[in-house]
Amino acid sequence: MFRRLPDRSGEAIAFTFDGRSVTARPGDTVAVALLAAGIATCRRTPVSGTPRGPFCMMGVCFECLVTIDGRSNRQACMTEVTSGMRVETQDGPAPSVTGDAP
Amino acid sequence: MTPRRIMSADEFADGYDLVVVGAGPAGMEAARTAASHGLDVLVADENRAPGGQIYRGITTARAADLARLGRDYAAGAEIAEAFARSSATYAAGATVWSIAPSEPETSTGTGLDIGISLAGAATFVNARHVIVASGAIERPFPVPGWTLPGVMTAGAAQIALKTAGLVPGEPTIIAGTGPLLYLLAAQLLRAGATITAVLDTTPRGNWRAALPHALDFLRSAYARKGVGLMAKVARGTRVFRGVTDLAIQGSGRVEAVTMRRGNEETRIAADLVLLHQGVAPNLNLLLAMGCAYAWDEGRAAFQPTIDEWFGSSLADVSIVGDAAGIVGAEASALQGAIAGHAVACRLGKLASDARDREVAPLRQRLAGAERGRAFIDRLFRPADRFRRPRGETLVCRCEEVTAARVREACALGVIGPNQLKAFLRCGMGPCQGRFCGLTVSELIAEERGLPVCDVGYFRPRIPVKPIALAELAALEQSDSAVAAVVGFVETPSTIHETEETL
């Protein structure tokens with residue numbers, strides 16, 4: 001759905017999404033890296049369980065909420081990828097216990 | 001000299017003369033100008049680098065980025081460099097979630113207390129004055145299927161292009177109305193992307209309302225740029241004008257778009273759909289503070305009430321740039337500078353005659369930058385049917401509330417957006433009404449047969465962005481706040497008394 005222009009490539013940063021290995025570039029937000037990897041869906045809604053993905057990319061719509069390194073409700077479009085980051089689909093409501101874990 | 005950059009919440013000073021919220025063109029210019037008069041200025045911005053959305057990524061843009069994004073984008077570099085040379089303190093990645101009059105018990109000053117989160121910790125800073133430059137957000141575009149993965153705003157695609165050099169693959173459809181639609185299409189084409197089609201939903205009848213403003217428009221820079229952009233897009237992709245209906249289909253993600261033009265229905269396969277029907281002021285913080293606002297029928301949007309110095313209805317709060325009413329980047333920067341001088345004068349750093357001398361040429365340039373805007377507003381006013389959906393189209397994306405349910409609730413006696421929250425939770429999800437507020441107000445107005453100004457908008461509450469409870473709990477509490485919750489305040493004497501009672 002998106003491709004990266006050749007003049008914007010850089011050193012590869014490896015992270016995982018639902019256990020699958022994904023490559024980001026320096027400065028990428030999690031949302032950008034997922035879109036560049038062809039991943040459109042990053043959560044399922046708490047109300048009906050339907051899939052959603054990044055929508056506004058500017059921190060306003062909260063559609064790109066994911067779990068990052070065990071902490072839920074993180075905005076993928078506002079969080080910069082770091083090497084080894086563990087990103088997971090947020091499935092329905094965030095679990096309250098792991099939600100507060102550091 | 002570069003602005004002092006704050007990396008964690010404990011680096012904030014207790015108080016500043018001026019806190020500017022937002023580091024787009026308006027915020028950067030407001031901060032730079034105010035700092036030039038010797039004010040102690042803090043700029044708090046959610047992004048990781050200055051520029052706002054319009055100049056997003058400007059401080060790290062390379063020659064190739066500047067070439068494809070165009071001259072207007074490149075102009076942001078100068079503003080960002082001037083800001084970087086100013087003495088303002090800059091907090092990147094900072095979220096302002098509350099602004100309220102100072103609490104005498106905990107605050108170090110009078111004026112306003114500002115709740116800010118940065119790098120996982122929250123704090124309050126005090127300010128004698130606040131300038132809100134919170135910019136614009138995309139207007140909701142509630143059509144069937146607009147929540148499917150693979151549907152994004154045009155602004156989102158532009159951010160991906162500016163910050164990471166991402167361009168859409170095939171097949172991609174851009175749909176809606178407004179200058180940004182054609183700007184994005186032109187930028188993507190210039191970057192070598194293939195766009196399957198542009199579906200233009202601009203109502204044909206809008207020409208009639210726009211015509212009286214055509215002369216001003218033709219004398220403006222918008223005219224030259226606009227014609228060039230539209231010609232470029234027409235050469236580079238198929239443009240379908242006069243689109244009267246739009247629906248997005250897919251199972252689990254986007255697969256196709258169906259459009260109607262008059263009686264003719266067309267289905268086009270799509271992997272990515274970029275929607276846009278204009279932007280509106282980003283008001284949540286301002287409304288949570290209690291700033292007065294009004295409905296602008298010509299722009300079909302709410303905007304805050306401001307005076308000639310960009311002061312809001314609250315004495316210590318100014319509003320500049322698109323947050324005060326959509327004006328674009330160039331006018332936003334000029335408004336920021338004018339407000340910067342005005343606040344310096346208000347806080348005793350600049351005599352009023354000196355302020356007037358500084359501001360006169362800026363006002364002249366502002367008039368030039370605003371020329372042609374009335375024509376654009378009227379020409380690209382989105383059609384009623386794309387603002388006031390029916391049936392099973394989702395209005396509130398977060399709580400998944402359909403247009404039909406909002407309309408039914410009105411029939412049950414809902415009188416306004418705030419009561420609708422209690423009925424349907426509409427506007428109570430994490431986006432806090434940002435992507436349904438305008439739709440909700442207009443639907444209630446239509447169902448009740450009232451003007452939208454009489455219905456009003458949601459009353460947003462602090463925190464205006466979600467923050468972790470742990471951050472709130474770690475904040476220092478005033479005695480009265482503790483007493484309100486616990487019933488008493490622990491002091492050495494009350495602890496002693498408690499022990500004796502036990």
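Because the structure is predicted, anything quoted here is derived from the model rather than measured.

A count of helices and strands for chain A gives two helices and eight strands. Secondary structure of chain A in N-to-C order comes out as β-β-β-α-β-β-β-β-β-α. Here chain A has a C-alpha radius of gyration of 13 Å; the compact-globule value for 102 residues is 13 Å, and the two agree. Once the C-alpha set of chain A is aligned to its principal axes, its extents read approximately 40 × 25 × 25 Å. Within chain A, buried positions represent 51% of all 102 residues. One finds the centroid of the 11 positive side-chain charges in chain A at a distance of 4 Å from the centroid of its 10 negative side-chain charges.

With 48 residues of chain B at the contact, the number on the chain A side is 37 residues. Taken over both partners, the interface formed by chain B and chain A buries close to 3700 Å², and the fraction arising from carbon and sulfur atoms is 58%. Summed over the three residues of chain B that lose the most area to chain A, namely Arg48(B), Leu166(B) and Glu400(B), the buried surface amounts to 17% of that side. The tally of links between chain B and chain A comes to four salt bridges. Between Glu80(A) and Arg48(B) there is a salt bridge whose closest N-O contact spans 2.6 Å. There are 18 residue pairs in polar contact (both at pLDDT 80 or more) connecting chain B and chain A. The greatest single-element share of the side of chain B that touches chain A, amounting to six residues, is contributed by helix α5 (residues 154-164) of chain B. For the side of chain B that touches chain A, a count of residues per class yields 24 nonpolar, 10 polar and 14 charged. Strand direction decides the pairing type here: strand β1 (residues 2-4) of chain A and strand β10 (residues 166-168) of chain B, joined by three bridges, are antiparallel. Following the sheet pairing, Arg4(A) is matched in β10(B) by Leu166(B).

Residues and elements named next belong to chain B. Nonpolar side chains collect at one region of the surface, where Val 485, Val 486 and Phe 488 lie side by side and expose about 320 Å² of accessible area between them. With respect to the helices, strands and loops of the structure, Phe 488 is situated in the loop between α20 (479-486) and α21 (492-501). Residue classification places Phe 488 among the partly exposed residues on the basis of a relative accessible area of 44%.

With that out of the way, let us pick up the environment of Ala127(B). Residue and element names in this part refer to chain B. Tracing the sequence through the fold places Ala 127 in strand β7 (residues 121-132). The class of Ala 127 is buried, set by a relative accessible area of 0%. Each residue touching Ala 127, except ones within four places of it in the same chain, is listed here: Tyr 16, Asp 17, Val 19, Thr 110, Gly 111, Leu 112 and Ile 114.

Turning next to the pattern of salt bridges. The full count for this structure, using the stated rule, is 32 salt bridges over all chains. Between Glu63(A) and Arg397(B) there is a salt bridge, with its nearest N and O atoms 2.7 Å apart. Here the residue Glu63(A) occupies a position in the loop between β5 (51-52) and β6 (65-68), and Arg397(B) occupies one in the loop between β22 (394-396) and β23 (401-402), the pair thus bridging two chains. The exposure classification of Glu63(A) matches that of Arg397(B), with both residues buried. Put simply, Asp245(B) and Arg385(B) hold a salt bridge, and the shortest N to O gap is 3.2 Å. With Asp245(B) in strand β14 (residues 245-249) and Arg385(B) in helix α14 (residues 384-387), this pair connects stretches of sequence that are 140 residues apart. Judged by relative accessible area, which is 26%, Asp245(B) ranks as partly exposed. By relative accessible area, which is 48% here, Arg385(B) ends up partly exposed. A network of salt bridges, in which partner residues are shared, links Asp384(B), Arg387(B), Arg388(B), Arg390(B), Arg407(B), Glu442(B), Glu446(B) and Glu447(B).

Turning to the pairing of strand β17 (residues 272-277) of chain B, a few remarks are in order. Residue and element names in this part refer to chain B. Among the six residues in β17, six count as buried, and that is most of the element. Residues Leu 272, Leu 274 and His 276 of β17 are buried on one face, and the alternating residues Val 273, Leu 275 and Gln 277, pointing to the opposite face, are buried as well. Of the strand pairs in this sheet, strand β9 (residues 151-153) and β17 are connected by three bridges, and their pairing is parallel. Its bridge partner lying in β17, Thr 153 is registered against Leu 275.

It is worth spelling out the sheet that holds β14(B) at this point. All names here are of chain B. Strand order in the open sheet formed by three strands is β14-β15-β16, with antiparallel pairing between adjacent strands. Both outer strands of the open sheet, β14 and β16 (264-269), are each paired with one neighbouring strand and no more. Neighbour to neighbour, the strand axes of the sheet diverge by 15 degrees on average, direction disregarded. Alignment of strand β15 (residues 256-261) against β16, held across six bridges, turns out to be antiparallel. Looking at β16, one finds that Thr 258 is bridged to Arg 267.

Residue and element names in this part refer to chain A. Residues Ile 13, Phe 15 and Phe 17 of strand β2 (residues 13-17) are buried on one face, while the alternating residues Ala 14 and Thr 16, pointing to the opposite face, are not. The hairpin turn running from β2 into strand β3 (residues 20-24), its antiparallel successor, is two residues long, and Asp 18 in that turn takes a positive phi close to 50 degrees. Bridge count between β2 and strand β8 (residues 86-91): two bridges; the pairing is parallel. The residue bridging Thr 16 from the neighbouring strand is Arg 86, located in β8.

One simple way to see leftover space: roll a probe sized like a water molecule over the atoms. Residues and elements named next belong to chain B. For the structure on display, the rule yields three cavities of 30 Å³ or more. Approximately 120 Å³ is the volume attributed to the largest cavity. Lining of the largest cavity is provided by 13 residues; of these, Ile 137, Ala 280, Pro 281, Leu 438 and Tyr 457 occupy positions nearest its centre. Secondary structure elements with two or more residues in the lining of the largest cavity: β8 (136-138), β18 (279-281) and α17 (437-448). The residue makeup of the lining of the largest cavity, split by class, is eight nonpolar, three polar and two charged. The volume enclosed by the second largest cavity comes to roughly 40 Å³. Together, Arg 139, Pro 140, Pro 142, Gln 277, Arg 387, Leu 438, Thr 439 and Glu 442 line the second largest cavity. Sort the elements by how many residues they give to the lining of the second largest cavity and α17 lands first, with three residues.

With that settled, consider the sheet that holds β9(B). Residue and element names in this part refer to chain B. If you trace the five strands from one edge of the open sheet to the other, you get β9-β17-β11-β12-β13, paired in parallel fashion. The outermost strands of the open sheet, each flanked by one partner alone, are β9 and β13 (238-240). Here the average twist between neighbouring strands, direction ignored, is 20 degrees. In this structure, strand β11 (residues 172-177) lies alongside β17, joined through six bridges in parallel fashion. Within the sheet, the bridge partner assigned to Ile 174 lies in β17 and is Leu 274. Each of β9 and β17 touches α5; the most contacted strand, β9, lies at about 80 degrees to it.

About the criteria used
- Residues numbered from 1 in each chain as written.
- Chains lettered and ligands numbered in written order.
- Predicted model: local features only at pLDDT ≥ 70, side-chain atom pairs only at ≥ 80, totals over all residues.
- Heavy atoms only, no water.
- Helix = DSSP H or I, 4+ residues; strand = E, 2+ residues; numbered from the N terminus.
- Rg over C-alpha atoms; globule rule 2.2 N^0.38 Å.
- Buried < 20%, exposed > 50% of the residue type's maximum accessible area, 1.4 Å probe, protein only.
- Lys, Arg positive; Asp, Glu negative; His and termini not counted.
- Charge placed at Lys NZ, Arg CZ, Asp CG, Glu CD.
- Contact = heavy atoms within 4.5 Å.
- Buried area = accessible area lost by both parts, 1.4 Å probe.
- Salt bridge = Lys/Arg side-chain N within 4 Å of Asp/Glu carboxyl O.
- Polar contact = N/O pair within 3.5 Å; in protein donor to acceptor, adjacent residues only side chain to side chain.
- Nonpolar A, V, L, I, M, F, W, Y, C, P; charged D, E, K, R; others polar.
- Pairing = 2+ DSSP bridges.
- Patch = residues over 30% accessible without salt bridge, like charges linked within 9 Å, V, L, I, M, F, W, Y side chains within 5 Å.
- Areas by Shrake-Rupley, 256 points an atom, 1.4 Å probe, with all protein chains shown as cover.
- Axes fitted to C-alpha atoms, helices over the stretch in contact; angles between N-to-C directions.
- 1 Å grid on protein atoms, 1.4 Å probe; cavity = no way out; pocket = protein on both sides within 12 Å on 5 of 7 lines; lining within 4 Å.
- Points joined across faces, edges and corners; volume = space filled by probe spheres on them.

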